[in-house]
Amino acid sequence: MKKIYLDNNATTPIASEVFEAMSPFLKEEFYNPSSSYKFADIPAKTIAHSRDIVCRFLGNVSPKEVLFTSGATESNNAAIFGAIKANPSRRHIITTTIEHPAVLEVCKEAKRMGLEVTFLPVDSNGEISTRAFVQALRPKETLLVSIMHANNETGVIYPVETFARLTKETDAEILFHSDATQSIGKLPINLNENFINVDMLSMSAHKVHGPKGTGVLFIRKGSCWRPYLIGGHQEQGRRAGTENVAGITGLGRALELVWEHQAGPTLGKIRRLRDKLENALIEKVPFIKINGSNENRLPNTLNISCHFIEGEGILYQLDTHGISASSGSACTSGSLEPSHVLRAMNVPFTAIHGSVRFSLGRYNSEEDINYVIKVFPEIISNLRKISPYWNQEKNCPRDEQLIATKL
Amino acid sequence: MGWQYSDKTKKLFMDAVQGAPGTHLGEIPSPDGLGEHGSIACGDAIKFTFKVDKHASDPLKDVIVLAKYLTFGCTSAIASSEALCSIIEQKRLSPVDALKITNQDIVDFLGGLPEQKIHCSVMGAEALEAAVIDWAQKRGVDLRSLGINIGTHEEIDEGRLVCQCFSLTDVYLKRKIKELNLQTLDAITHSLKAGGACQACKYKPGGLQDILNEVWGSTNANNNKTTKEESMSHHPDHKHSTDNSEEKVEASPYQLGKKVENVIAEKIRPLLQRDGGDIEVVDIKDYIIYCQLQGACSGCMGAQMTLKMMVERILKEDIDQRIKVISV
């Protein structure tokens, strides 16, 4: 069977170069980098080397500003809880309703701890009003702003540069954190240029063809922050635990590959394939809607809602064709609640349940996309034939539903 | 996580979507019984219809000969609908006997369902019940006089709304908890969806835990977690603290706003308008004035300069040296 992987926002296939770089550290070079004998030099050096790569990747930041973590979830937890611990006199946090759960749930936890949290709403394109952001800022009270760079479900890009500048101009002591997990390698991020006002940044390796279980938290020098994982002296005592040597090596190698591909035609190819898929589906399938603004969107993400049907049945049929994608429908979420991102965007229920996310990656080909374009329209019409909200005879929605959903 | 469905479930689903012969997809025109359950907002819905061979004298001897469905829902919801129709047609039941089909029969027919998908089978059984009630009304059969205890679907409208997300009342929940022998909160969610979305109704007074205790007695309550979730506030009120009032008398935020407005109207706006531009004050907090340049000024390369050198300088001189202007 074909294997067409279009779920790169969930995770990406590990690059073979990354795997090669990692494998010695899972076998012969097993030594603890903190040990004193000479064999431990090699793992210690590879960590230093990866850290240098990360520093250059983020815009020539200092090695002391880079902490290796177990992934973006830990980085987000550490950023937010670490900021709260270090700033007991401030009790207000600003975030958004469309954050990844690794920020959203942490902020809800902060709320249960007694802090006040402003969850900024988004409009139907998934965008945040700058005006609402400004109004939420409280000089001397706000301790942290956490806003993601690009959304994992819709690919909508947020103007972190502007939000961070407004934050710092309002009160330089407010910490600004951004979860950049989805934008690394896709958008320009330079902590000494466009992201100069960002204090903390989270990222992970496995979204850029690196290994799972490895991430980075950038913390700008001088930021008021306390360690989250406490124990050993590793990472200058700011993130305890024996280093994941293989993972950190893989992260470094993965970022080097990002450079190579950024210089080449890869991103342009991904965008062209995404646009081709998007335009073909719009043309061939009636009553679908793209979720997320057009201009400010990651080049690899396509989130579409197919009205009057349920996403799980779409995914299941795609799976029988060997196509991997994901959905914001309740039935695929593990709970009975559909996507919080699409709900925040006020996408009608008929459309949330029928949402599908295709996220492309470096290794997708034109044939992959052609195959999806070939099978997708039939998958949708199969399900609509079964749907009580679809007029099977006329092959269109039943009228009352049309009105109800304001199509 | 992969698909945890039985082969039978997968087959019924694929047969249905591909319109294989022998499937029960569709809607019977002028049916003898019609039942609907669920809604598009809840994520699944079924429209179930059947046709009977009418007995000449005794409606109770009618036999269901044809059953069809239209379903909006996930793989297991569609397979459950298919299963329901197959069971009924195979057994050649009277509508009253068909009521004995439970969601468990549907689960068994499918060779099991993942527990969080049990509600799909319940939906099928509910639609069947509604269709039989419809049939009884059309054929003039009084189900109650036959000693059949049918929770009428009016229950949905009666009683107190407990689960807001899926519109379920206490009357309905109590009946179903007993009928389906649901012992835990998770079982309630898996079978009826109640408490599965926002979860607010789980532990609040009169919520699911209380109903569960009421039905089975509180000793049976094995699920005493503390409230998990607080609702998010989209509209936090902005309490600008006034308690750190300094010794000397400060202009109130209102007074400051008024002054800024006046200076802008009298001195700043005329200057900007001369160049085809304008200015809007987005917000004022403490002595920070958030401004947006508009018109010809908005795209001007010197907009930042204008704000700092002209707007901020004038406001500082005329009102207070602490004023700072930020461009939005």
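As a reminder, the structure under discussion sits directly above these lines.
Because the structure is predicted, anything quoted here is derived from the model rather than measured. (Residues numbered from 1 in each chain as written. Chains lettered and ligands numbered in written order. Predicted model: local features only at pLDDT ≥ 70, side-chain atom pairs only at ≥ 80, totals over all residues. Heavy atoms only, no water.)

A. Layout of the pairing of strand 6 (residues 277–285) of chain B. Two elements, strand 6 of chain B and strand 7 (residues 288–295) of chain B, share eight bridges in a ladder whose sense is antiparallel. Counterpart to Asp-278 of chain B in the pairing with strand 7 of chain B is Gln-294 of chain B. (Pairing = 2+ DSSP bridges. Helix = DSSP H or I, 4+ residues; strand = E, 2+ residues; numbered from the N terminus.)

B. A look at the side chain of Thr-266 of chain A. Residues and elements named next belong to chain A. Note on placement: Thr-266 falls in helix 9 (residues 266–284). Within the structure, Thr-266 has its side chain in polar contact with the side chain of His-261 (distance 2.7 Å). Here Thr-266 is in contact with His-261 and Arg-362, once residues within four sequence places are set aside. (Polar contact = N/O pair within 3.5 Å; in protein donor to acceptor, adjacent residues only side chain to side chain. Contact = heavy atoms within 4.5 Å.)

C. Up close: the packing of helix 10 (residues 311–320) of chain A against helix 13 (residues 366–386) of chain A. Residue and element names in this part refer to chain A. Two elements in contact, helix 10 and helix 13, have axes whose closest approach is 10 Å; the angle formed by their N-to-C orientations is 135°. It follows from the interaxial angle that helix 10 and helix 13 lie oblique. When you trace helix 10 past helix 13, the crossing you get is right-handed. In this structure, helix 10 contributes Gly-313, Ile-314, Gln-317 and Leu-318 to the contact, and helix 13 contributes Phe-376, Ile-379, Ile-380, Asn-382 and Leu-383. Looking at the contact of helix 10 with helix 13 residue by residue, the class counts come to six nonpolar, three polar and no charged. (Axes fitted to C-alpha atoms, helices over the stretch in contact; angles between N-to-C directions. Parallel < 35°, antiparallel > 145°, perpendicular 65-115°, else oblique. Left-handed = near helix turned anticlockwise from the far one by under 90°. Nonpolar A, V, L, I, M, F, W, Y, C, P; charged D, E, K, R; others polar.)

D. Layout of the packing of helix 9 (residues 253–274) of chain B against helix 10 (residues 303–318) of chain B. All names here are of chain B. Axis separation between helix 9 and helix 10 bottoms out at 10 Å; the angle between their running directions is 140°. Of the possible angle classes, the one that applies to helix 9 and helix 10 is oblique. Here helix 9 runs over helix 10; the crossing is right-handed. Contacts between helix 9 and helix 10 involve Val-260, Val-263, Ile-264, Lys-267, Ile-268, Leu-271 and Leu-272 from the first element and Thr-306, Met-310, Val-311, Ile-314, Leu-315 and Asp-318 from the second.

E. Spatial organisation of the pattern of salt bridges. On inspection of all chains with the given rule, the structure shows 41 salt bridges over all chains. Here Arg-131 of chain A ties to Glu-280 of chain B by a salt bridge, and the two come within 3.0 Å at their closest N and O atoms. Here Glu-280 of chain B lies in strand 6 and Arg-131 of chain A lies in helix 5 (residues 130–136), a pairing that spans two chains. The exposure class of Arg-131 of chain A is partly exposed, given its relative accessible area of 33%. Among the residues examined, Glu-280 of chain B registers a relative accessible area of 25% and is labelled partly exposed. (Salt bridge = Lys/Arg side-chain N within 4 Å of Asp/Glu carboxyl O. Buried < 20%, exposed > 50% of the residue type's maximum accessible area, 1.4 Å probe, protein only.)

F. View of the interface of chain B and chain A. Counting from both sides, the interface comprises 57 residues of chain B and, opposite them, 52 residues of chain A. Between chain B and chain A lies a buried interface of about 4700 Å² when both sides are counted; carbon and sulfur atoms form 58% of it. Here chain B and chain A share four salt bridges between them. In this structure, Asp-286 of chain B and Lys-140 of chain A form a salt bridge, with 3.5 Å as the shortest nitrogen-oxygen distance. Between chain B and chain A we count 13 residue pairs in polar contact (both at pLDDT 80 or more) in total. When residues of the side of chain B that touches chain A are assigned to their parent elements, the largest contribution, five residues, is made by helix 1 (residues 7–17) of chain B. Its residues assigned to classes, the side of chain B that touches chain A comprises 26 nonpolar, 16 polar and 15 charged. (Buried area = accessible area lost by both parts, 1.4 Å probe.)

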